[in-house]
Amino acid sequence: MASPRLTIAIFLAKSASMASRIMGNKGETISGRILLALEPEAISLLARKKQVILISGTNGKTSTTRAIAAIVRQLGAVTTSGSGSNLSWGAAHALMSKAAYAVLEIDELHLPTVIAQTDPAVVLLLNLTRDQLHRMHEVKRVSDRWHVECTEASNTVFVADIDDPFINYAVANATNVVRVSFGGRPHPDGAVCPRCGSYLKWKSGNYSCTCGLTNKISDRKFKKGSAAMRNAILANVVGEVLDAKPMKFKESELERTISKAFGDKTAHFRLTKNPASWTEALQADIKKDVILVLNARQVDGIDTSWLWDLSFAPLKGKRIIVCGERGLDIAYRLHVEGIESTVVDTFDQAIVLTKNKEVSVLSAYTAFFELVM
Amino acid sequence: MLEIIRIHNELLGTYGDRGNADVLKFRAGLRGIKAKVTDISYIDALPKEGDIYLLGGAEDAAQMLSLTALKKGMTLNKAADKGAVLLAICAGFQIVGSSYVTRDEQVAGLGLLDVSTNPGDKRLVGDIAIESEFFDVPLTGFENHSGVTTLGTDVMPFGTVLSGNGNGINGVDGAISGNVFGTYLHGPILARNPEFADLLLERAMGIQIPHVTDEIADHYAKWRRTVIK
């Protein structure tokens, strides 16, 4: 039986959520916040009755969470995070459901706390690269925190993509780990061993350190593939741990891509929010007409210096229109790489300037949600 | 040929300072000056004959590795003694100072700037604007560090802080001595402030270089000055 306090907190949180939805909002943040304000222990109390599965990492959280939810649904009812709602209150909101399984996307900085609160059955650690450094400060700082909590959580099975040295370090001392490798890949921030601080030796995307940290020793080995394909495989490894049957996913299902019509044009949106996701997007198929949308609000990262860490060469020869609150940042970055673009204020102005029917849109986080959700 | 040496970018590239080299080469090119960017990794020997050397921001372990490599042979010190231009940002600024303090110990730096850095009690993160005697307009950038840097008597501050924190003490940012420039401004600083890129080119060439208009660069710099609070 839930405590009277928790029952009342849930009742009030659900009422607030309903009121918020009537006002046209998603209602997840408000209800989660109210729940935690009235019962600070709500997450641990609600998690006790469930099998909890957590997903975290810099890129791929939302789509991989969706895939794992589909896999786990074969076993029973699933409650899951609302799109991108990955802070404590998002978790609290999802846990109010009576479903036997909770599949939750968790923000990198919130993960250690949520692991401690929920004693999860499985945690999937995808990757750690530079993102929102005004908030994360350093990649190493995040992986240090993960390392401490992963070591503590002895009941949890960690599924870890150890081609990322920060992930390998995070689970280095954990009790139960499935170490997955896809044959290695370069890491944009992986010059230094996160465990011992030595210069990490890299060869063909594989690393090994004198302290022993390496991706060459793994429990499961798969072929190289795109981020989407890797995440589909990782989702199924999580399913395996829970005895769920594997599912097949199309690559597009695991990408943050959405197509949407604007008049007679179709815009193919892709979420690009940090150097790693931009690099992945620039390697994919890009139409002749491209719109780049850049904002710099809190969740986008308020510093845009990272634009200089990637090459935009794949955009050469395309018709490029730039918009968003920080469109000029990206326009100047392109200019120095010898790529000219047209700068406008809004997406509506940008789409009018495209000439072909099919348009690629590479979009920052906040703009992506405003334009397609 | 102007030789621009980007030092240890795999270690000192956490905060986008890589772009400083690209902007220098680009603005040299606008004037018909040939320039080349050479990336020197941790395992490479540092060329002696560079005209402009660049150091960027880094995480702690990477900063220590870079300093250790730069102490071997002291090539950067020798180049700076001969008058080469050096721009050192954030962790790079701390490296070229007399000393800085890590989590465990005090480390002797390269001693190119008479400054010492201690850990502050909070992280200094956000937009920053400074006023420097070299320029008619404020410089803008982004800072993200927890070091507090105190200037010795042999250096001048690079600028006075208009908004933000800079060195975290005495209302100033960075330090200069001869052709050695240290600052906390990312952005990258030379992308956000073309005037500063031009100053470094002039210092490296030892002559006045012609003024050029690059509309988008000027527009961008001006716009970023207006959005600083």
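Quick notes on the rules
Residues numbered from 1 in each chain as written. Chains lettered and ligands numbered in written order. Predicted model: local features only at pLDDT ≥ 70, side-chain atom pairs only at ≥ 80, totals over all residues. Heavy atoms only, no water. Helix = DSSP H or I, 4+ residues; strand = E, 2+ residues; numbered from the N terminus. Expected span 1.5 Å × (residues − 1). Buried < 20%, exposed > 50% of the residue type's maximum accessible area, 1.4 Å probe, protein only. Contact = heavy atoms within 4.5 Å. Core = buried A, V, L, I, M, F, W, Y, C linked by side-chain atoms within 4.5 Å. Pairing = 2+ DSSP bridges. Axes fitted to C-alpha atoms, helices over the stretch in contact; angles between N-to-C directions. Parallel < 35°, antiparallel > 145°, perpendicular 65-115°, else oblique. Nonpolar A, V, L, I, M, F, W, Y, C, P; charged D, E, K, R; others polar. Buried area = accessible area lost by both parts, 1.4 Å probe. Salt bridge = Lys/Arg side-chain N within 4 Å of Asp/Glu carboxyl O. 1 Å grid on protein atoms, 1.4 Å probe; cavity = no way out; pocket = protein on both sides within 12 Å on 5 of 7 lines; lining within 4 Å. Points joined across faces, edges and corners; volume = space filled by probe spheres on them. Domains from an automatic or database assignment.

Undergrad: Explain helix 2 (residues 60-71) of chain B to me, please; I cannot follow it from the model alone.
TA: The periodicity of an α-helix, 3.6 residues per turn, causes residues three or four places apart in sequence to face the same way. All names here are of chain B. Compared with an ideal rise of 1.5 Å per residue, which puts twelve residues at 16 Å, helix 2 spans 17 Å between its outermost C-alpha atoms and is within 8% of the ideal. All of the buried residues in helix 2 are Ala62, Gln63, Leu65, Ser66, Leu67, Ala69 and Leu70. Residues of helix 2 that are buried make contact with strand 1 (2-7), strand 3 (52-55), helix 3 (75-81), helix 4 (91-95), strand 5 (99-101) and strand 6 (106-108). Once helix 2 finishes, Gly73 follows within two positions and takes phi at roughly 80 degrees, a positive value.

Undergrad: Looking at this structure, I do not really get the nonpolar core. What am I missing?
TA: Soluble globular proteins tend to pack their nonpolar side chains together in the buried interior. Counting 97 residues, the largest nonpolar core has Leu292 and Phe312 of chain A together with Leu76 and Phe196 of chain B as its most contacted members. Leaving out residues up to four positions away in the same chain, Leu292 of chain A has contacts with Trp278, Leu315, Ile320, Ile321, Val322, Cys323, Ile330, Leu334 and Leu362 of chain A. Ranked by size, the runner-up nonpolar core spans 48 residues in total, among them Leu125, Val139, Leu200 and Leu213 of chain A.

Undergrad: I'm lost on the sheet that holds strand 2 (residues 78-80) of chain A in this one. Help?
TA: Strands pair in a sheet through their backbones, by hydrogen bonds, and they do so in one of two ways: parallel or antiparallel. Residue and element names in this part refer to chain A. Taking strand neighbours across the sheet as the criterion, the seven strands line up as 2-3-1-4-5-6-9 in an open arrangement whose pairing is parallel. Edge positions in the sheet fall to strand 2 and strand 9 (220-221), since each has one partner strand and no second. Seen against the sheet, helix 5 (residues 88-95) touches strand 1 (51-56), strand 2 and strand 3 (101-105) and runs at an angle of roughly 160 degrees to strand 3.

Undergrad: Is there a simple way to explain the packing of helix 2 (residues 28-38) of chain A against helix 5 of chain A in this structure?
TA: Residue and element names in this part refer to chain A. Packing of helix 2 against helix 5 brings their axes to within 7 Å, and their N-to-C directions diverge by 90 degrees. The angle between the axes of helix 2 and helix 5 places the two elements in the roughly perpendicular class. Here Glu28, Thr29, Ser31, Gly32, Arg33, Leu35 and Leu36 of helix 2 lie close against helix 5, whose contacting residues are Ser88, Trp89, Ala92 and His93. Split into classes, the residues belonging to the contact of helix 2 with helix 5 amount to four nonpolar, five polar and two charged.

Undergrad: Mind showing me how you'd approach the interface of chain A and chain B here?
TA: In many reports, interface size means the accessible area that the parts give up when they come together. Facing the 27 residues of chain A at the interface are 36 residues of chain B. Summed over the three residues of chain A that lose the most area to chain B, namely Tyr199, Trp308 and Tyr332 of chain A, the buried surface amounts to 26% of that side. Notably, a salt bridge pairs Arg224 of chain B with Asp329 of chain A, separated by 2.6 Å at the nearest N-O pair. For the side of chain A that touches chain B, the secondary structure elements donating two or more residues are helix 7 (133-136), helix 8 (139-152) and helix 12 (327-336) of chain A. If one sorts the elements of the side of chain A that touches chain B by residue count, helix 12 of chain A sits on top with six residues.

Undergrad: Help me understand the layout of surface pockets, please; the structure alone is not making it clear to me.
TA: Where empty space is left becomes clear once a probe the size of a water molecule has been rolled over the atoms. Residue and element names in this part refer to chain B. Within this model, the second largest pocket holds a volume of roughly 300 Å³. Around the second largest pocket, the lining comprises 17 residues; the ones closest to its centre are Arg31, Glu195, Asp198, Leu199 and His211. Take the lining of the second largest pocket: its biggest share by element is five residues, from helix 6 (residues 194-205). Residues belonging to the lining of the second largest pocket are distributed by class as follows: eight nonpolar, two polar and seven charged.

Undergrad: Got a minute to help me understand the pattern of salt bridges in this structure?
TA: Opposite charge on two side chains lets them pair, provided their charged atoms get close. All names here are of chain B. One pass over the full model with this rule turns up 24 salt bridges over all chains. Here Glu3 and Lys36 are joined by a salt bridge, their closest N and O atoms 3.8 Å apart. Placement of Glu3 in strand 1 and of Lys36 in strand 2 (residues 35-40) is noted, with a sequence separation of 33 residues between them.

Undergrad: What is the right way to look at the domain arrangement of chain A in this model?
TA: Assigned domains within chain A: domain 1 (1-39), domain 2 (41-251) and domain 3 (256-372). A separation of 37 Å is found between the C-alpha centroids of domain 1 of chain A and domain 3 of chain A.

Undergrad: Sorry if this is basic, but what is going on with empty space enclosed by the protein here?
TA: Enumeration over the complete set of coordinates arrives at four cavities of 30 Å³ or more. Lining the largest cavity are 19 residues, and of these Asp131, Gln132, Leu133, Asp303 and Trp306 of chain A sit closest to its centre. The set of elements that each furnish at least two residues to the lining of the largest cavity consists of helix 7 of chain A together with strand 8 (139-151) of chain B. When its residues are assigned to classes, the lining of the largest cavity shows six nonpolar, eight polar and five charged. Here the lining of the largest cavity spans two domains, since at least three of its residues come from each of domain 2 (41-251) and domain 3 (256-372) of chain A. When its volume is computed, the second largest cavity comes out at roughly 60 Å³. Taken together, the residues that form the lining of the second largest cavity break down as six nonpolar, three polar and three charged.

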